Amino acid sequence: MTTFTSSLPDQLLQKLSEAAQRLNLPKNKLIEKALEIYLDQLTRAEYVKSYRQAGQDESTMLIAEEGMHDYMAQLNEEDEAR
């Protein structure tokens with residue numbers, strides 16, 4: 001594990017200390033978990049943005065609709081085979 005040193009505004013450090021004490025966690029573990037959650041949210045936001053952009057692209061939507069048509073046909077064939 002690598003050591004990372006940073007400075008925080010006094011008010012934020014106070015909130016961190018209070019939360020760590022309330023949760024009975026070391027401050028570094030609380031920061032680690034908070035950073036993991038934040039980075040995950042950023043990744044999810046990027047996916048949402050890309051899906052929204054794809055949803056506005058006519059070519060992408062046509063390909064998706066064609067794929068859904070093929071998928072539905074495959075499901076129907078499987079149902080008929082039963």
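This one's a predicted model, so the numbers in the text were calculated from it and none came from an experiment.

Student: For this particular structure, what's the right way to read a nonpolar patch on the surface?
Tutor: A contiguous nonpolar patch, built from Leu8, Leu12, Leu13 and Ile31 and spanning about 320 Å² of accessible area, is present on the exposed surface. Position of Leu12 relative to the elements: it lies in helix α1 (residues 10-23). Looking at Leu12, the relative accessible area reads 45%, which means it is partly exposed.

Student: Can you help me understand the layout of surface pockets in this one?
Tutor: Regions of empty space are outlined by a rolling probe, equal in size to a water molecule, passed over the atoms. Considering only enclosed or pocket space, the largest pocket measures out at about 480 Å³ in volume. As for the largest pocket, its lining consists of 16 residues, of which Phe4, Asn28, Ile31, Glu32 and Leu35 are closest to the centre. Of all the secondary structure elements, the ones that give two or more residues to the lining of the largest pocket are α1 and α2 (27-55). A per-element tally of the lining of the largest pocket places α2 first, with six residues. Counted by class, the lining of the largest pocket contains eight nonpolar, six polar and two charged residues. Considering only enclosed or pocket space, the second largest pocket measures out at about 150 Å³ in volume.

Calculation criteria
- Residues numbered from 1 in each chain as written.
- Predicted model: local features only at pLDDT ≥ 70, side-chain atom pairs only at ≥ 80, totals over all residues.
- Heavy atoms only, no water.
- Patch = residues over 30% accessible without salt bridge, like charges linked within 9 Å, V, L, I, M, F, W, Y side chains within 5 Å.
- Areas by Shrake-Rupley, 256 points an atom, 1.4 Å probe, with all protein chains shown as cover.
- Salt bridge = Lys/Arg side-chain N within 4 Å of Asp/Glu carboxyl O.
- Helix = DSSP H or I, 4+ residues; strand = E, 2+ residues; numbered from the N terminus.
- Buried < 20%, exposed > 50% of the residue type's maximum accessible area, 1.4 Å probe, protein only.
- 1 Å grid on protein atoms, 1.4 Å probe; cavity = no way out; pocket = protein on both sides within 12 Å on 5 of 7 lines; lining within 4 Å.
- Points joined across faces, edges and corners; volume = space filled by probe spheres on them.
- Nonpolar A, V, L, I, M, F, W, Y, C, P; charged D, E, K, R; others polar.

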